[in-house]
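Geometric and topological summary
For reference, the chains in residue letters:
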Amino acid sequence: MSFSERTNTTRWIIISVCFIIISLILWNTYTFFQIFKNEERLKMNLFVNAQITLVNADEYTDLDLPLQIINNNTSIPGVIMLYDKVVSAKNVSDDILNDKKKRKTLLNRLKNENEPITFEYAPGKYQTLYYGNSELLNKLKYYPIALLLIIFLCVALIYNFYKSTKMATQNKLWAGMAKETAHQIGTPLSSLIGWVEILKTEEIDQSISVEIEKDIERLQTITDRFSKIGSIPVLELHDIVKETQNAYEYLQSRFSKQVAFSFKAPDSPVLVMINPTLHSWTIENLVKNAIDAMKGKGTLDLQIEQDLHHVKINVKDSGTGISKKQFKTIFETGFTTKKRGWGLGLSLTKRIVEDYHNGKIKVLHSEIGKGTTFQISLNKKVQ
């Protein structure tokens, strides 16, 4: 049996034991409630017998015990009725007894709590005792609800702690893998730079070395991106229009001509506190996601607009679109609609925008079969 299987087995054993314990507690509580309820009914039967004794007492009747039974009832509310007339009451305020409407409401409540006791106090003459639950019994009745609520809160707290711990562990793992990847790429990259310098001294077409240099610069950018994962990036004041356009045009030159690219932005610089390396990664992820959604063919529009305090970057494609129920889940780690993919691109994009740049990203609009628009919102530098 593997470690994960043993862990799952142990987890289910613990859950089963907890369920059994909770069931036993609830069952015992219910049993105690029924026992106390029966005992209170026995007490009220004694109360009725004491009332009958008092009604039929003569000068030779010993009233000590009946009076003691009646006076000892300090917790159970009860009202003895003869048709619509109150004969006697115990543990009920006079305000309720004297108000016909309130009295009727009280009697209905008592009747719902316990079956009234009808007794013959004299030959052919009957009275009815309406009685309710004592305060202790009412507390015991609501105890299982309070217990279930506490258990629910504890389970929610444990689940939240487990989920947070798992996410933190995953984040550390991804950050460690990213940094290790950057470190591993660094060694052959340094070697490639040396080989390019040698190629420049040889009699070869210089355009070849230029293209190789471009790819090396790209690898250096990727290495820089991965090295920043898990660290707090340095934010500097940059023109968001220029940085976005550079990333967009680089991608435009490397994708199929079947994708019609368009770029629209303000003519003047828009200053925003960003990390250029991570921002270009954001644009790259959104563009690649859009091209995948269009299956490499369609229109891709990027528009930058601004208001007094924010700059907004809209990336619109003519792809398959997504349903409204996926607007939030699409940013979750591991979520993907592709047959191949890790589901990390949009999750990473959200982290860069919201955690590193203090911005917001969302699905602005999407329609199945017509396309999707993602929107990034960043805070402008106040002039």
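Residues numbered from 1 in each chain as written. Predicted model: local features only at pLDDT ≥ 70, side-chain atom pairs only at ≥ 80, totals over all residues. Heavy atoms only, no water.

**Quick word on the overall build of the protein chain**
Secondary structure assignment for the protein chain yields nine helices and 11 strands. Counting all 383 residues of the protein chain, 31% fall into the buried class. Nonlocal contacts in the protein chain, meaning residues at least 24 apart in sequence, comprise 65% of its contacts between residues at least 6 apart. Total accessible area on the protein chain stands at roughly 25000 Å², and carbon and sulfur atoms take up 59% of it. (Helix = DSSP H or I, 4+ residues; strand = E, 2+ residues; numbered from the N terminus. Buried < 20%, exposed > 50% of the residue type's maximum accessible area, 1.4 Å probe, protein only. Contact = heavy atoms within 4.5 Å. Areas by Shrake-Rupley, 256 points an atom, 1.4 Å probe, with all protein chains shown as cover.)

**Here's the deal with the packing of aromatic side chains**
Here the structure, examined in full by the defined rule, presents four aromatic pairs. Pairing Tyr248 with Phe263 gives two aromatic rings, centres 5.7 Å apart and planes at 40 degrees, and the pair type is tilted. Remark: Phe263 occurs in strand 6 (residues 259-264) and Tyr248 occurs in helix 7 (residues 240-252); sequence separation between them is 15 residues. Their ring planes at 85 degrees and their centres at 6.0 Å tell us that Phe331 and Phe374 sit as a pair that is edge-to-face. Taken together, the positions of Phe331 in the loop between strand 9 (310-317) and helix 9 (345-356) and Phe374 in strand 11 (residues 371-379) put the pair 43 residues apart, joining distant regions of the chain. The class of Phe331 is buried, set by a relative accessible area of 7%. In this structure an aromatic cluster arises from ring pairing among Tyr248, Phe261 and Phe263. The ring of Phe331 is capped by Lys350, whose NZ or CZ atom sits 5.4 Å from the centre of that ring. (Phe/Tyr/Trp six-rings, centres within 6.5 Å; stacked < 30°, edge-to-face > 60°. Lys NZ or Arg CZ within 6 Å of the ring centre and 35° of its normal.)

**Quick notes on the pairing of strand 11**
Most of strand 11 sits inside the fold, with eight of its nine residues counted as buried. Relative to strand 11, strand 9 runs antiparallel, the two being bridged by seven bridges. Considered in strand 11, the bridge of Asn314 is made with Gln375. As judged from the seven bridges shared by strand 10 (residues 360-367) and strand 11, these two strands associate in the antiparallel manner. Bridge pairing links His365 to Thr373 in strand 11. Once strand 10 ends, the chain turns through three residues before running back antiparallel as strand 11, passing Gly369 with a positive phi of about 85 degrees. (Pairing = 2+ DSSP bridges.)

**Digging into the packing of helix 7 against helix 8 (residues 276-293)**
Helices that pack against each other are described as a pair by the angle of their axes relative to one another and the distance between those axes. Two elements in contact, helix 7 and helix 8, have axes separated by 9 Å at closest approach and are oriented at 50 degrees. Between helix 7 and helix 8, the angle falls in the class oblique. The way helix 7 lies across helix 8 gives a crossing that is right-handed. Contact residues: Ile240, Glu243, Thr244, Ala247, Tyr248 and Leu251 in helix 7; Pro276, His279, Ser280, Ile283, Glu284 and Val287 in helix 8. (Axes fitted to C-alpha atoms, helices over the stretch in contact; angles between N-to-C directions. Parallel < 35°, antiparallel > 145°, perpendicular 65-115°, else oblique. Left-handed = near helix turned anticlockwise from the far one by under 90°.)

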